[in-house]
Amino acid sequence: MNAAHESIIAKFGSRLSMNFRPGTREIFLSPAGRFLDKPAPVNFGVLYNGVKYGLGFFDNNRVWTFGNDQTEFQFIEQHEEFDRVRFRCRDFRIGVDCIFEFIAPFYPQDKLLCTLPVLFVKATVNRLIDRAVRADDKKQISVYCDLMGSDFYEVDGGLYQSDRYYLYDDYIHYQDTEGLRVFLDKNSFVKKGICGELYISCLNSSTVNGKTILSEGMISQTLELETCFAVSGYVGGDILQAGGRAYQFYYTEKFKNIFEVADYAKENYRQIIEKSKSFNIHLEQSSLSDDYLSFLGFSFRSYAGNTWWAIDEGQKKEWFSVWEGNCLFHSTVDVEYNLGVFYLMLWPQLLEMQLENWNAYKKKGYISHDIGAVLNAEESAYPHDMEIEENCNFILLLYALCKTRGRKDIAAKYYKTAKELTEFNKSCDLTGNGLANTGVANTIDDSSDDVQFAEEQIYLGIKEYAAYYAMRQMSRDAADLETEILCEEECSKIKNTIEKNGWLDDHYRVNLISSNGKINPASIYKSMGSISTEHGSSAYSTYTANGFLYLFLGGEDVDWNLKRLKKDIVNAEKACDTSFGSTHSSVDKSHIWISQNIFRDLCAGYLGVDMSDNIQKYWAFEKYENQGGRGGCFIDTYGWNKLNYYPRGLASIGYLYSMAGLCIDEINKTIWLKPCKAPISIPLFHFADWLHNKVPVIHFYIENGEIGHMIENSELLSSYKIIV
């Protein structure tokens, strides 16, 4: 049985969310989304013989009193899907078996469906099958939505509330720091809060009794009762200040008030839910495990709860950004680097929108860590820069969009910026060996100085190599011979330095210049002392190969010793392994970053090493934390650092690229496929026809000792040369 754990459903870009917290028996609900929400006295269940049998999210004694007419279902199971959380509830006392599906519809590249600020609660109630129950034995039963103890009131057959939502939550990562308090003091939106509306209605025949909505019907072994509630949200005012403009949610362009939203939902809910479910069905064509699908859905909905899709009412300029979970930074570049596999696979326009923002907010020579925080996206808010890290991330994402989606126009648009970043990276090498000595702070910001701040890091060195390699390809398209030569020279330097000085028989070092116990002023360990040791520099690292992924995806040769790289990945995993994944290094065991483990697994897949079963460890960790641990939906870190409600777990969608060994050259219409195991089936979402809901699916099998394949909907690949 799948025990209840904290989870969330949230509308993509529109932020309307419902956060289930069974550990504290609460549902957090808000039209403004996670961190601008609060507990809501809402519950769902069935009414039979005057007694309500509910999901039991609330402690009746603490929140409100029902008297003796309220109880919980005897058995409740929880299941995670991409667009929904599903609770199966059974109660032998009254002989019912019911499913409550909490749905936040999603379908790739359907902006209206995705941003529609409506959550659906679909209830299906059946008679429990029992030998003592006759087939014609019928029960009169009602499905209910209860809002007792709230200030909702009836409007047009539904229950309505207007409220103000403020930013406050114990989970906010930097809430006790002076820097965040100063930042928030500048932000008028945060001070005044956000005024939003909620409207809950039943989309089938129903009645309202006080603050309870009831939908009545009969059930038997041959009859089921199905009903659906809509939880509509609306914020009509300004929600974000960015680039000197005030933005409203994108949906305000089509819907002028919450009742227009609710009417649209009622008229179209069957098609909306069916279309969203169809994407789940495509995902289920993968032969990856149920644990993988659960982890992916759980992670996607944590990500969706961080997305902002807005529009400037005056100039009609659209905005898309992603909060960095409980850190609240907008579009953190190193986080979006890991999420790039999602954009490239399902919605490349969203990556294009973020490239535009990063370019607009860049500093002289380098890309900022983020483009703002909370409700103010005017400037980078992170305490320090990560110059080399973010420059490489920008270049590699630009390359990937160009190579795998054929967007040479985007590469040309930002080529001047990419060239500036490349020249800055070169200037950070003070010794001439190709590796950076300055600007070396990286994304692993809860690690030892050897891992995060050391000069001449191998992790950053390989990512620099990958960025130079990608830039060399783009410079050829730009007919920029000078930059092409520069990139070739830097690639040669980095490769020679790392292979000569960084390889230690069975793995690559963490860095070439040890921190020697020094504490960087920006280190989180500055108040407690260094956790580095004399062996930290030569340790095994989990992150060595992570800079190569987008070159692998683009089908590049990469011109590296891949046997060594494969050996490094395998041996480092052994040296850093725990029950939930690999630590930063074999010496720095302070934390595990699930997302970076995933990225390591993706690189391994392209090298023919199947690490996809690691998803069982990662899913076990998420359930452990959300059943009885700290909570926070997708949590990226095992250790004292609390990165929760975090978007980065969606990097796991990249297993669908990696396990197929899928490499894409969209410019030359060539696809390579090299699966790291067989048999296996993978939906190739990159080539989907979303307008007609068709997705090619490749099935690899073993026949006569060799790997064969067949492709469903192969006509979608008819314009490509396919090499398996």
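Residues numbered from 1 in each chain as written. Predicted model: local features only at pLDDT ≥ 70, side-chain atom pairs only at ≥ 80, totals over all residues. Heavy atoms only, no water.

## Examining helix α16 (residues 562-576)
- With 15 residues, α16 ought to run about 21 Å at 1.5 Å a step, and its terminal C-alpha atoms sit 21 Å apart, in line with that.
- Every buried residue of α16 is listed here: Leu-565, Asp-568, Ile-569, Asn-571, Ala-572, Glu-573 and Cys-576.
- Buried residues in α16 make contact with α13 (458-477), α15 (549-553), β24 (577-578), β25 (581-582) and α17 (594-606).
- Measuring from the backbone nitrogen of Lys-563 back to the side-chain oxygen at the start of α16 gives 3.3 Å, which picks out Asn-561 as the cap. (Helix = DSSP H or I, 4+ residues; strand = E, 2+ residues; numbered from the N terminus. Expected span 1.5 Å × (residues − 1). Buried < 20%, exposed > 50% of the residue type's maximum accessible area, 1.4 Å probe, protein only. Contact = heavy atoms within 4.5 Å. Polar contact = N/O pair within 3.5 Å; in protein donor to acceptor, adjacent residues only side chain to side chain.)

## Structural notes on the packing of helix α8 (residues 348-361) against helix α9 (residues 387-405)
- Running from amino to carboxyl end, α8 crosses α9 at an angle of 145°, the nearest separation of the two axes being 11 Å. Handedness of the α8/α9 crossing: left-handed. When α8 is examined against α9, the residues Pro-348, Leu-351, Glu-352, Leu-355, Trp-358 and Asn-359 are found in contact with a partner set consisting of Phe-394, Leu-397, Leu-398, Leu-401 and Arg-405.
- In terms of residue class, the contact of α8 with α9 is made up of 8 nonpolar, 1 polar and 2 charged. (Axes fitted to C-alpha atoms, helices over the stretch in contact; angles between N-to-C directions. Left-handed = near helix turned anticlockwise from the far one by under 90°. Nonpolar A, V, L, I, M, F, W, Y, C, P; charged D, E, K, R; others polar.)

## Regarding the sheet that holds strand β32 (residues 706-712)
- Taken together, the 3 strands give an open sheet; going across it, the order is β30-β31-β32, and neighbouring strands pair in antiparallel fashion. The sheet is open, and its two edges are formed by β30 (680-683) and β32, each paired on a single side. Here the average twist between neighbouring strands, direction ignored, is 20°.
- In the sheet, strand β31 (residues 697-703) pairs with β32 via 7 bridges, with the strands oriented antiparallel. For Phe-700, the partnering residue across the bridge sits in β32 and is His-709. (Pairing = 2+ DSSP bridges.)

## Digging into the state of the cysteines
- Taken as a whole and assessed by the stated rule, the structure comprises 0 disulfides.
- Cys-663 provides the cysteine sulfur closest to Cys-676, a residue in no disulfide bond, and the two sulfurs are 12 Å apart. (Disulfide = S-S within 2.5 Å.)

## Looking at the sheet that holds strand β22 (residues 318-322)
- Across the sheet, 5 strands lie side by side as β22-β21-β20-β19-β23; this open sheet has mixed pairing. With one partner strand each, in any of the chains shown, β22 and β23 (376-377) form the two edges of the open sheet.
- Pairing of strand β19 (residues 240-242) with β23 involves 2 bridges; the strand directions are parallel. Directly across from Gln-241, in β23, lies its bridge partner Asn-376.

## Here's the deal with the nonpolar core
- Counting 235 residues, the largest nonpolar core has Phe-12, Phe-100 and Phe-120 as the members making the most contacts within it.
- Here this core takes 12 residues from α13, the largest share from any one element. (Core = buried A, V, L, I, M, F, W, Y, C linked by side-chain atoms within 4.5 Å.)

## Concerning the confidence of the model for the chain
- On average, residues of the chain score 92 in pLDDT, and 91% of them reach the 70 mark or higher.
- The low-confidence segment residues 59-68, where pLDDT is below 50, has 17 contacts with residues more than four positions distant or belonging to other chains. (pLDDT = per-residue confidence, 0-100.)

## Structural notes on unusual backbone geometry
- Along the chain, Ala-678 connects to Pro-679 via a cis peptide bond; the corresponding omega equals 0°.
- Inspection of the secondary structure assignment puts Pro-679 in the loop between β29 (670-672) and β30.
- We note that Asp-156 has phi near 50°; this positive angle belongs to a residue other than glycine.
- Mapping Asp-156 onto the fold places it in the loop between β13 (153-155) and β14 (158-165).
- Exposure remark for Asp-156: the relative accessible area of 71% places this residue in the exposed category.

## Let's talk about the packing of helix α7 (residues 333-346) against α9
- Running from amino to carboxyl end, α7 crosses α9 at an angle of 5°, the nearest separation of the two axes being 9 Å. Between α7 and α9, the angle falls in the class roughly parallel. Across the interface between the two elements, Val-333, Asp-334, Glu-336, Tyr-337, Gly-340, Leu-344, Met-345 and Leu-346 from α7 touch Glu-389, Glu-390, Asn-393, Phe-394, Leu-396, Leu-397, Ala-400, Leu-401, Thr-404 and Arg-405 from α9.
- Of the residues contributing to the contact of α7 with α9, the split by class is 10 nonpolar, 3 polar and 5 charged. (Parallel < 35°, antiparallel > 145°, perpendicular 65-115°, else oblique.)

## Observations concerning the pairing of β31
- Sheet topology note: the β30/β31 ladder contains 4 bridges and is antiparallel. Each residue of the ladder has a partner; that of Ile-682, found in β31, is Ile-698.

## With respect to the pairing of β14
- In this sheet, β14 lies alongside β13 in antiparallel orientation, the contact comprising 3 bridges. Counted as the bridge partner of Val-155 is Gly-158 from β14.
- The turn joining β13 and β14, which pair antiparallel and follow one another in sequence, is formed by 2 residues; a positive phi near 50° is taken by Asp-156.
- Sheet topology note: the β14/strand β15 (residues 194-202) ladder contains 7 bridges and is antiparallel. For Arg-164, the partnering residue across the bridge sits in β15 and is Cys-195.

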